[in-house]
Amino acid sequence: MGWNFEEDNQETRWLRMMAGFKYDSYRDFWAGARFVESLLKWLQQFDPDDRRKAYDLIRHKLIFLSFTEIEHLVRRTRPVYVHNVLLNRVSLKTSIPKYLVWAKPETKKYYDDTLARTLFIGLSDGARIDGFRRASAGIISNEQVVFNYELSDDKWKDTLSELRKRTGDSEAKFEVLFLIDDFTASGKSLLRCEESEWKGKLTKFAVRFREKNEMFSDSCSIAVHHYIGTTKAKENIERLLKEASTPKGPPKWFPTPVVTTYDLLLNLDVSLTRTQDRELDALLDKYYDPAIITKSLEVGGTDVKFGFANCGLPLILEHNTPNNSIGLLWAETPQTSVSSNRKMHALFRRRQRHF
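Residues numbered from 1 in each chain as written. Predicted model: local features only at pLDDT ≥ 70, side-chain atom pairs only at ≥ 80, totals over all residues. Heavy atoms only, no water.

Regarding helix α4 (residues 67-94)
Thought 1: Counted at 1.5 Å a residue, the expected span for α4 with its 28 residues is 40 Å, and the 40 Å between its end C-alpha atoms agrees.
Thought 2: Of the residues flanking the end of α4, it is S95, one or two places downstream, whose phi is positive at about 60 degrees. (Helix = DSSP H or I, 4+ residues; strand = E, 2+ residues; numbered from the N terminus. Expected span 1.5 Å × (residues − 1).)

Thoughts on the pairing of strand β7 (residues 216-230)
Moving residue by residue along a regular strand, the side chains alternate between the two faces of the sheet.
Thought 1: Burial analysis of β7 places 13 of its 15 residues in the buried class, the great majority of the element.
Thought 2: Summarising the sheet, strand β4 (residues 174-184) and β7 pair through nine bridges and their orientation is parallel. Within β7, the residue paired with F183 across the bridge is I228.
Thought 3: As defined by bridge partners, β7 adjoins strand β8 (residues 258-266) across eight bridges and the pair is classed as parallel. Bridge pairing links A223 to V259 in β8. (Buried < 20%, exposed > 50% of the residue type's maximum accessible area, 1.4 Å probe, protein only. Pairing = 2+ DSSP bridges.)

Let's talk about the sheet that holds strand β3 (residues 145-146)
Thought 1: With parallel pairing, five strands are arranged side by side in an open sheet as β3-β2-β4-β7-β8. Of all the strands in the sheet, the pair left with one neighbour each is β3 and β8.
Thought 2: Both strand β2 (residues 118-122) and β4 contribute to a ladder of five bridges, which runs parallel. Counted as the bridge partner of G122 is I180 from β4.

Some thoughts on the nonpolar core
Thought 1: Among the nonpolar cores identified, the biggest contains 72 residues, and F35, L39, W42, L328 and F348 are the most heavily contacted of them.
Thought 2: Contacts of L328, omitting those with residues within four sequence positions, involve W42, F46, L283, L284, Y287, M344 and H345.
Thought 3: Formed by 33 residues, the second largest nonpolar core is a distinct cluster that contains L123, L191, L202 and V258. (Core = buried A, V, L, I, M, F, W, Y, C linked by side-chain atoms within 4.5 Å. Contact = heavy atoms within 4.5 Å.)

And the structure:
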């Protein structure tokens, strides 16, 4: 790295502190190959003159959300966001102001009944539905929580049967549907329209919702909650949800407006963009391998130098690295590739995770 004695001492202390405090906890690191060892291997792919710039990306730009930080967002979901959705619904249905819902026994009972008629579904394995369920133990039933939206017909029948047992109402239907995911940076995985064709998890789930229409009330509230999002994703999703509810929308869509919420919302100022730092631009161009592009990545653009959909995030989540992050952090040239002159090596290896 060309460090002098003082720099070497300072950077070594920083690396030890951050490795112990956060980075070693990355789920894809293993004993003997945790952060510092992986960093040394990652830096080897750069020419000596470029290593300091690559190191500066890690040293000064990286945002790493640890298990404890993400778990905190998971635990806030029910008491903050689910509560607000239910409170709004009860207030609307009873014409009682929200601040009075808990003051009247009949509206409090209505709130509790609505909570019992709520179904929670994870949209990916990053949704940490197990943590959400444990954080809500004794308040919601295990049978109200399902791990993914691709349910078998038997599982749908089971959830409806348990709902009717839980409420003692043989005609009960779900009144609230709460969909949960960990992260969105562009919004494209949730909802997008390509050449007049609607795609994304929400489009797929809307089809299932219509097929199982008899399980949901006509006024069922639909909510989508992300633990972490970006302002870019929020704007894109809001725009597409408006369009989806018009005649130009998907053939099968939800009967009521979809409510979206985000706990940690990242502003644009954390993103790295081209022309912001010419030396970084040159580094990302020089060490990029087009062989890493797949069909799913092409949805976001022609390359992922600045991540999927050019989101430019320097973001690492403890359990995985989003593909919206800078490609140099997570991309790896396929082992089968023979055409690459310069192979990319990941620091925080990314795992495909969608259902």
